[in-house]
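Chains, contacts and geometry: an overview
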Amino acid sequence: MSTKRTKGVTIVYPIVYGNTASLLPQKKVPDSDHTHKWTVTVKGINGQDLGHFIKKVTFKLHETYSNPQRVVEHPPFEITETGWGEFELSIKLQFIEGSEKPVTLYHNLRLHSYEDDGSISTSSKNKPVQSFQYDELVFTDPP
Ligand SMILES: O=C(Nc1ccc(C(=O)N2CC(c3nccs3)C2)s1)[C@@H]1CCCN1
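For the structure given in this document, a descriptive report is provided here. (Residues numbered from 1 in each chain as written. Predicted model: local features only at pLDDT ≥ 70, side-chain atom pairs only at ≥ 80, totals over all residues. Heavy atoms only, no water.)

Quick look at the packing of aromatic side chains
Considering all chains together, one arrives at eight aromatic pairs under this definition. Between Trp38 and Tyr65, the ring centres sit 5.9 Å apart and the planes meet at 75 degrees, which makes this aromatic pair edge-to-face. Of this pair, Trp38 sits in strand β2 (residues 36-44) while Tyr65 sits in the loop between β3 (54-60) and β4 (69-72), and the two are 27 residues apart along the sequence. The same class applies to Trp38 as to Tyr65, namely buried. Aromatic side chains Trp38 and Phe87 sit 6.1 Å apart centroid to centroid with 70 degrees between the ring planes, which places their arrangement in the edge-to-face category. Here the residue Trp38 occupies a position in strand β2, and Phe87 occupies one in the loop between β5 (77-83) and β6 (88-95), the gap between them amounting to 49 residues. Three or more aromatic residues joined by ring pairs form one cluster here, namely Tyr13, Phe53, Phe95 and Phe139. (Phe/Tyr/Trp six-rings, centres within 6.5 Å; stacked < 30°, edge-to-face > 60°. Helix = DSSP H or I, 4+ residues; strand = E, 2+ residues; numbered from the N terminus. Buried < 20%, exposed > 50% of the residue type's maximum accessible area, 1.4 Å probe, protein only.)

This is how it looks when you write it as C-alpha coordinates:
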(Lines give C-alpha, C1' and ligand atoms only; values in the text may rest on other atoms or scores of the structure.)
Protein backbone atom coordinates (compact mmCIF):
# COMPACT_ATOMS: atom_id res chain seq x y z
CA MET A 1 0.00 0.00 0.00
CA SER A 2 1.63 3.32 -1.01
CA THR A 3 1.52 6.37 1.28
CA LYS A 4 -0.63 9.29 -0.02
CA ARG A 5 1.67 12.33 -0.48
CA THR A 6 0.99 16.09 -0.64
CA LYS A 7 2.20 17.17 -4.10
CA GLY A 8 4.12 20.43 -4.41
CA VAL A 9 4.75 20.85 -0.67
CA THR A 10 8.30 21.07 0.73
CA ILE A 11 9.08 21.10 4.46
CA VAL A 12 12.52 22.30 5.61
CA TYR A 13 13.83 21.62 9.11
CA PRO A 14 17.03 23.54 9.94
CA ILE A 15 19.41 21.56 12.15
CA VAL A 16 22.78 22.12 13.80
CA TYR A 17 25.19 19.29 14.59
CA GLY A 18 28.71 19.03 15.95
CA ASN A 19 30.61 18.83 19.21
CA THR A 20 31.76 20.66 22.28
CA ALA A 21 34.95 19.56 24.06
CA SER A 22 36.60 20.44 27.35
CA LEU A 23 39.93 19.49 28.85
CA LEU A 24 39.81 17.00 31.72
CA PRO A 25 41.83 18.10 34.75
CA GLN A 26 44.82 15.74 34.71
CA LYS A 27 44.11 14.51 38.25
CA LYS A 28 40.76 13.13 37.02
CA VAL A 29 42.38 10.85 34.46
CA PRO A 30 45.10 9.00 36.37
CA ASP A 31 47.23 6.74 34.08
CA SER A 32 44.93 7.47 31.15
CA ASP A 33 45.34 9.12 27.75
CA HIS A 34 41.85 10.52 28.03
CA THR A 35 42.62 14.20 27.99
CA HIS A 36 39.22 15.48 26.84
CA LYS A 37 35.53 15.12 27.52
CA TRP A 38 33.35 15.80 24.47
CA THR A 39 29.68 15.82 23.55
CA VAL A 40 28.33 15.28 20.02
CA THR A 41 24.85 16.67 19.42
CA VAL A 42 22.18 17.04 16.74
CA LYS A 43 19.69 19.77 17.56
CA GLY A 44 16.98 21.92 16.03
CA ILE A 45 17.28 25.69 15.98
CA ASN A 46 15.25 28.08 18.15
CA GLY A 47 14.61 25.20 20.53
CA GLN A 48 12.75 23.10 17.94
CA ASP A 49 12.20 19.55 19.26
CA LEU A 50 13.57 17.15 16.62
CA GLY A 51 11.84 14.31 18.50
CA HIS A 52 8.62 15.31 16.72
CA PHE A 53 9.92 13.75 13.49
CA ILE A 54 13.19 11.92 14.27
CA LYS A 55 12.67 8.41 15.67
CA LYS A 56 16.30 7.63 16.50
CA VAL A 57 19.85 8.87 15.97
CA THR A 58 22.82 6.50 15.65
CA PHE A 59 26.24 7.97 16.40
CA LYS A 60 29.02 5.83 14.90
CA LEU A 61 32.29 6.44 16.76
CA HIS A 62 35.83 5.31 15.98
CA GLU A 63 36.05 1.51 16.15
CA THR A 64 38.36 1.67 19.19
CA TYR A 65 35.52 2.89 21.35
CA SER A 66 33.49 0.28 23.20
CA ASN A 67 30.09 -0.16 21.55
CA PRO A 68 31.03 2.33 18.81
CA GLN A 69 27.45 2.46 17.48
CA ARG A 70 25.49 4.53 20.01
CA VAL A 71 21.70 4.68 19.47
CA VAL A 72 19.70 7.53 21.02
CA GLU A 73 15.91 7.21 20.74
CA HIS A 74 14.78 10.37 22.53
CA PRO A 75 15.97 13.97 22.58
CA PRO A 76 18.44 15.30 23.45
CA PHE A 77 20.09 13.46 20.57
CA GLU A 78 23.63 13.53 21.91
CA ILE A 79 26.36 11.39 23.41
CA THR A 80 29.18 12.30 25.77
CA GLU A 81 32.51 10.48 25.86
CA THR A 82 36.12 10.98 26.88
CA GLY A 83 39.08 10.61 24.56
CA TRP A 84 42.43 11.87 23.41
CA GLY A 85 42.13 12.66 19.71
CA GLU A 86 40.08 13.77 16.75
CA PHE A 87 38.34 11.51 14.23
CA GLU A 88 35.43 11.48 11.81
CA LEU A 89 32.16 10.15 13.10
CA SER A 90 28.84 9.56 11.36
CA ILE A 91 25.37 10.49 12.58
CA LYS A 92 22.45 8.54 11.09
CA LEU A 93 18.99 10.08 11.42
CA GLN A 94 15.96 7.79 11.13
CA PHE A 95 12.50 9.33 10.88
CA ILE A 96 9.16 8.57 12.50
CA GLU A 97 7.62 8.70 9.02
CA GLY A 98 8.71 5.28 7.81
CA SER A 99 8.56 6.25 4.13
CA GLU A 100 11.32 8.88 4.62
CA LYS A 101 14.78 7.45 3.93
CA PRO A 102 17.44 7.82 6.69
CA VAL A 103 19.94 10.68 6.41
CA THR A 104 23.62 10.23 7.38
CA LEU A 105 25.71 13.23 8.42
CA TYR A 106 29.48 13.29 8.94
CA HIS A 107 31.37 15.34 11.52
CA ASN A 108 35.06 15.68 12.28
CA LEU A 109 35.32 15.72 16.08
CA ARG A 110 37.33 18.77 17.11
CA LEU A 111 39.37 19.08 20.33
CA HIS A 112 41.68 21.84 21.55
CA SER A 113 44.55 22.70 19.21
CA TYR A 114 48.06 21.86 20.41
CA GLU A 115 51.06 24.20 20.15
CA ASP A 116 54.23 22.92 18.45
CA ASP A 117 55.65 21.94 21.85
CA GLY A 118 52.59 19.75 22.53
CA SER A 119 51.06 22.17 25.02
CA ILE A 120 47.64 23.78 24.85
CA SER A 121 47.72 27.56 25.04
CA THR A 122 46.68 29.02 28.38
CA SER A 123 44.09 31.20 26.68
CA SER A 124 42.28 28.24 25.10
CA LYS A 125 42.71 25.47 27.67
CA ASN A 126 40.05 26.92 29.98
CA LYS A 127 37.52 27.44 27.18
CA PRO A 128 35.39 24.63 25.73
CA VAL A 129 35.80 23.97 22.00
CA GLN A 130 32.61 24.49 19.98
CA SER A 131 32.52 22.96 16.49
CA PHE A 132 29.11 22.96 14.84
CA GLN A 133 27.70 23.01 11.33
CA TYR A 134 24.33 24.08 10.00
CA ASP A 135 22.24 21.94 7.65
CA GLU A 136 18.66 21.53 6.50
CA LEU A 137 16.49 18.40 6.35
CA VAL A 138 14.24 18.83 3.31
CA PHE A 139 11.08 16.73 2.89
CA THR A 140 9.29 17.03 -0.46
CA ASP A 141 5.67 15.99 -1.06
CA PRO A 142 5.29 14.92 2.60
CA PRO A 143 2.68 12.31 3.45
O1 LIG B 1 42.87 10.68 17.39
C2 LIG B 1 42.66 9.99 16.43
N3 LIG B 1 41.87 8.92 16.44
C4 LIG B 1 41.28 8.46 17.58
C5 LIG B 1 40.55 7.33 17.67
C6 LIG B 1 40.03 7.08 18.95
C7 LIG B 1 40.40 8.05 19.84
C8 LIG B 1 40.09 8.18 21.26
O9 LIG B 1 40.17 9.26 21.79
N10 LIG B 1 39.74 7.13 21.94
C11 LIG B 1 39.48 5.72 21.61
C12 LIG B 1 38.89 5.58 22.98
C13 LIG B 1 39.37 4.50 23.81
N14 LIG B 1 38.80 4.14 24.92
C15 LIG B 1 39.42 3.09 25.50
C16 LIG B 1 40.52 2.64 24.82
S17 LIG B 1 40.70 3.57 23.45
C18 LIG B 1 39.40 6.98 23.33
S19 LIG B 1 41.34 9.23 19.09
C20 LIG B 1 43.26 10.36 15.09
C21 LIG B 1 44.67 9.79 14.95
C22 LIG B 1 45.56 10.95 15.21
C23 LIG B 1 44.78 12.14 14.88
N24 LIG B 1 43.38 11.77 14.98
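Quick notes on the pattern of salt bridges
In this structure the tally under the stated criterion is two salt bridges. The salt bridge involving Arg5 is made with Glu100; its shortest N-O contact spans 3.1 Å. Of the two residues, Arg5 is situated in the segment before β1 (10-23) and Glu100 in the loop between β6 and β7 (103-108); the sequence distance between them amounts to 95 residues. According to the relative accessible area criterion, Glu100 is buried, its value standing at 17%. Here Arg70 and Glu81 are joined by a salt bridge, their closest N and O atoms 2.9 Å apart. Within this pair, whereas Arg70 is found in strand β4, its partner Glu81 is found in strand β5, the two being separated by eleven residues in sequence. (Salt bridge = Lys/Arg side-chain N within 4 Å of Asp/Glu carboxyl O.)

None of the figures reported here should be taken as evidence of function without further support.
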